[in-house]
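Each chain is listed here by its residues.
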Amino acid sequence: MAKLTPEELIEAFKELTLVELNDFVKKFEEEFKVTAAAPVAAVAAGGAPAAGGEAAAEEEKSDFDVILAEIGDKKVQVIKEVRALTSLGLKEAKDLVDSAPKAVLEGVDKEAADKAKEALEAAGAKVELK
């Protein structure tokens, strides 16, 4: 069988009916163990807020930023926690702590954000989740 170019494949798909194309997609998914479905969460997150407004948007929020608001009086412990939570080196972690308020983690899930907040607060820092 000759290898088809993407353009030739598109032309072949144009000749198929929707039912035939749907069957092809199902067979393709089974053969390669993939899915062609769009992720629902990504579509919902990009859409407009629900009629509930701000409150509904807050409830559905899945990505959080961990903001180091104040370092407190235990700067060394806070630097150690920042290094443990991130892949930063000593100098970078110290610079981040010195420039508070500053984001330590961005776009993490609720569980990771809560863990980071607990760890930083245990070290003496004040933390905000946004």
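What comes next concerns the included structure.

Rules and cut-offs
- Residues numbered from 1 in each chain as written.
- Predicted model: local features only at pLDDT ≥ 70, side-chain atom pairs only at ≥ 80, totals over all residues.
- Heavy atoms only, no water.
- Patch = residues over 30% accessible without salt bridge, like charges linked within 9 Å, V, L, I, M, F, W, Y side chains within 5 Å.
- Areas by Shrake-Rupley, 256 points an atom, 1.4 Å probe, with all protein chains shown as cover.
- Salt bridge = Lys/Arg side-chain N within 4 Å of Asp/Glu carboxyl O.
- Helix = DSSP H or I, 4+ residues; strand = E, 2+ residues; numbered from the N terminus.
- Pairing = 2+ DSSP bridges.
- Axes fitted to C-alpha atoms, helices over the stretch in contact; angles between N-to-C directions.
- Contact = heavy atoms within 4.5 Å.
- Buried < 20%, exposed > 50% of the residue type's maximum accessible area, 1.4 Å probe, protein only.

As for a nonpolar patch on the surface
Together, Leu-16, Phe-24, Phe-28, Phe-32 and Val-34 make up an exposed nonpolar region whose accessible area comes to about 440 Å². Residue placement: Val-34 occurs in the loop between helix H2 (18-32) and helix H3 (40-46).

A closer look at the sheet that holds strand S1 (residues 64-70)
Pairing is antiparallel in the open sheet, where 3 strands are placed in the order S2-S1-S3. Bordering the open sheet on either side are strand S2 (102-108) and strand S3 (126-129), each of which pairs with just one other strand. Pairwise comparison of adjacent strand axes, ignoring direction, gives a mean angle of 20° for this sheet. With 4 bridges connecting them, S1 and S2 associate as antiparallel partners. Counted as the bridge partner of Ile-67 is Ala-103 from S2. Set on the sheet, helix H7 (residues 110-122) makes contact with S1, S2 and S3; between it and S3 the angle comes to about 165°.

Description of the pattern of salt bridges
Summed over the entire model, instances satisfying the criterion amount to 7 salt bridges. As a salt-bridge pair, Lys-75 and Asp-98 come within 2.6 Å of each other at their nearest N and O atoms. One end of the pair, Lys-75, is in helix H5 (residues 75-85); the other, Asp-98, is in helix H6 (residues 90-98), with 23 residues separating them in the sequence. For Asp-98, a relative accessible area of 39% puts it in the partly exposed group. As a salt-bridge pair, Lys-94 and Asp-98 come within 2.8 Å of each other at their nearest N and O atoms. Taken together, the positions of Lys-94 and Asp-98, both in helix H6 and 4 residues apart, correspond to about one turn of that helix. On the basis of relative accessible area, Lys-94 is assigned to the partly exposed category, the value being 38%. Bridged by salt links that share partners, the residues Lys-75, Lys-94 and Asp-98 form one connected network.

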